[in-house]
Amino acid sequence: MPKSKRNRAVTLSKTKKKGREHKENVVNAIRESVEKYDTVYVFTFENMRNLKFKEFRDQLKSSSRFFLGSNKVMQVALGRSAADEIRPGLHKISKLLRGDSGICSTSLPKDEVERLFNEYEDFDFARTGSIATEKVELNEGNLDQFTHEMEPFLRKQGMPVRLNKGVVELVSDYIVCEEGKPLSPEAARILRLLAIKMATFKLHLTCRWSSEDFEIYREGLEDSDVESA
């Protein structure tokens, strides 16, 4: 007996996964950039903010090209060993593509690149799970920075508040977050309302490759398996 076609789930939207073709395009783009530019850097990032990174990247678009994504795909593009690297020595930086990493291919002088990366930082509101950089405590009393319409929302965040003659009042001292501890969703929301920024978007150079030399910036990486390969 044939199966009934009734009550069958039908997908109305179709999403195209990033498959083999996409990976090949990324690999080819990285290899083209290595041939075009003089130097390749590996960098790491913390508290990534896509808009801010785009602004930084756009500043250098005439002289550089950036790549973020799968470390494995980027490693394949550069070459994982001396046997399959596309230019001599590139496998050394490939081995340092770990964690939150990216590639910058550029024709800018070394001093200029180091200055741009070291000077760039942007402060933003911390997200849930971020580590608090300071203790934030609110004292009992009126919270004049909040309108009376905010009282129900603040209460939902766990704050001991009430309305007193149309003014939001904190009925007891309240600790929003503790230094060194992860932020809860409620704490992250309250910090945003208080305009307290605890996240710093920062880029860190890991290493530099050119046809003439190879340099590691971060301490501790000198003892990795880079030189033994």
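This text follows the structure it describes.
Residues numbered from 1 in each chain as written. Predicted model: local features only at pLDDT ≥ 70, side-chain atom pairs only at ≥ 80, totals over all residues. Heavy atoms only, no water.

Novice: Break down the packing of aromatic side chains for me, with residues and values.
Specialist: Counted under the stated rule, the structure contains 9 aromatic pairs. Arranged with centres 5.9 Å apart and planes meeting at 70°, the rings of phenylalanine 43 and phenylalanine 66 form a pair that is edge-to-face. A residue pair is termed long-range when its members are at least 10 positions apart, and phenylalanine 43 in strand β1 (residues 39–46) and phenylalanine 66 in strand β2 (residues 64–68) qualify at 23 residues. Taking the relative accessible area as the measure of exposure, phenylalanine 43 reaches 0% and is therefore buried. (Phe/Tyr/Trp six-rings, centres within 6.5 Å; stacked < 30°, edge-to-face > 60°. Helix = DSSP H or I, 4+ residues; strand = E, 2+ residues; numbered from the N terminus. Buried < 20%, exposed > 50% of the residue type's maximum accessible area, 1.4 Å probe, protein only.)

Novice: Before we move on, could you go through the pattern of salt bridges and cite the residues and values that matter?
Specialist: Think of it this way: side chains of opposite charge can pair up when their charged atoms draw near. Applying the stated criterion across every chain, the model contains 14 salt bridges. Across the pair lysine 52 and glutamate 55 runs a salt bridge whose closest N-O atoms are separated by 3.8 Å. On the criterion of helical spacing, the pair formed by lysine 52 and glutamate 55 is a turn pair, its members being 3 residues apart in helix α2 (residues 50–59). Note on lysine 52: relative accessible area 24%, which makes it partly exposed. A salt bridge links arginine 155 to glutamate 151, with the shortest nitrogen-to-oxygen separation between them at 2.8 Å. Of this pair, arginine 155 and glutamate 151 both sit in helix α6 (residues 151–156), 4 residues apart, which is roughly one turn of the helix. The class for arginine 155 is partly exposed, based on a relative accessible area of 45%. Residue glutamate 151 is classed as buried on the basis of its relative accessible area, which comes to 7%. (Salt bridge = Lys/Arg side-chain N within 4 Å of Asp/Glu carboxyl O.)

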